[in-house]
Amino acid sequence: MGKFAKWIGGGLGWAFFGPVGGLFGFFLGSVVDSVETVQLTSGKTTPGDYVMSLLVLVAAMLKADGKILKSELDYVKRFLVQNFGVEGAQEALMMLKDLLKQDIPVQDVCSQIASNVDYSSRLQLLHFMFGLANADGHFASTEEQLIDTMTQYLGINQKDQ
C-alpha cells in the first residue's frame, strides 16, 4: 500500500464508523505503512481502539479551557509511559499532536465508545479525565462541563461520577 494506507484507513474508518473510526483507521494505516503487515481481530475492542479513544478525549480535555499547559501534557505523558512504555508513549504523543489540531465531536466519540467499550473501562477513562482536568491545579468550569458531557454520553451513572 505504500505510504497511503493511513489516508485510506482514515477515510474508510470515517465512512463506516464515524470520527473515532476515522482516527483509528488513520492510526492503523500508519502502522501498516511502517510495518507492512498487521493482524486484525474482529468482534472485540482491542487495546489500540481503547488507546485511540483515550487520545481523542484527551485532546478534547486539553483544549477545553482554551490553553494547553505543560503540567497537563506531563500528566498525559506520565500516564502513557507508565501504561505503554517509552516507545508507545512517543507514538501516542505524536498522534495526540495531530488530534489537537482537529475539532473533536465529543458527543459522537463518547457515544461510539459507550457502544464498544465495557463499563469499567469507560469509568477508568472518565477517572483519567478528572485527573487531567485537575493536572494544572485548577478545575475550570469548561472542563467540568466537558466531563459532565462525557459522563452522559459514555453512559456512566451520576453516582459513579
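The preceding data block contains the structure.
Worth saying up front: this structure is predicted, and the values here are computed from it rather than measured.

### Observations regarding helix α4 (residues 106–116)
Regarding α4, the residues found buried are Val106, Val109, Cys110, Gln112 and Ile113. Looking straight down α4, one finds that the buried residues subtend no more than 160° of arc, so they occupy a single side.

### Considerations on the pattern of salt bridges
For the structure on display, the rule yields one salt bridge. Ionic pairing is found between Asp74 and Lys70, a salt bridge with its closest N-O pair at 3.0 Å. Here Asp74 pairs with Lys70, and both are found in helix α3 (residues 70–99), just four residues apart, close to one helical turn. The exposed category is assigned to Lys70, whose relative accessible area is 61%.

### Topic: the nonpolar core
The biggest cluster of nonpolar side chains holds 35 residues, and the ones touching the most others in it are Leu55, Leu57, Val58, Met61, Met129 and Met150. For this core, the secondary structure elements donating two or more residues are α2 (47–64), α3, α4, α5 (119–133) and α6 (141–154). Other than its neighbours up to four places away in sequence, Met150 contacts Leu57, Met61, Val106, Cys110, Leu126 and Met129.

### Remarks on the packing of aromatic side chains
Scanning the model with the defined rule gives three aromatic pairs in all. On the numbers, 5.3 Å between centres and 25° between planes, the contact of Tyr75 with Phe128 is stacked. Residue Tyr75 is found in helix α3, and its partner Phe128 is found in helix α5; the two are separated by 53 residues along the sequence. We classify Tyr75 as partly exposed; its relative accessible area is 21%. On the basis of relative accessible area, Phe128 is assigned to the buried category, the value being 6%. Centroid distance Phe79 to Phe128: 4.3 Å. Interplanar angle 40°. Geometry classified as tilted. Of this pair, Phe79 sits in helix α3 while Phe128 sits in helix α5, placing them 49 residues apart in sequence.

Procedures and definitions
Residues numbered from 1 in each chain as written. Predicted model: local features only at pLDDT ≥ 70, side-chain atom pairs only at ≥ 80, totals over all residues. Heavy atoms only, no water. Buried < 20%, exposed > 50% of the residue type's maximum accessible area, 1.4 Å probe, protein only. Helix = DSSP H or I, 4+ residues; strand = E, 2+ residues; numbered from the N terminus. Arc of directions from axis to C-beta. Salt bridge = Lys/Arg side-chain N within 4 Å of Asp/Glu carboxyl O. Core = buried A, V, L, I, M, F, W, Y, C linked by side-chain atoms within 4.5 Å. Contact = heavy atoms within 4.5 Å. Phe/Tyr/Trp six-rings, centres within 6.5 Å; stacked < 30°, edge-to-face > 60°.

Remember that the coordinates give geometry; whether it matters functionally is a separate question.
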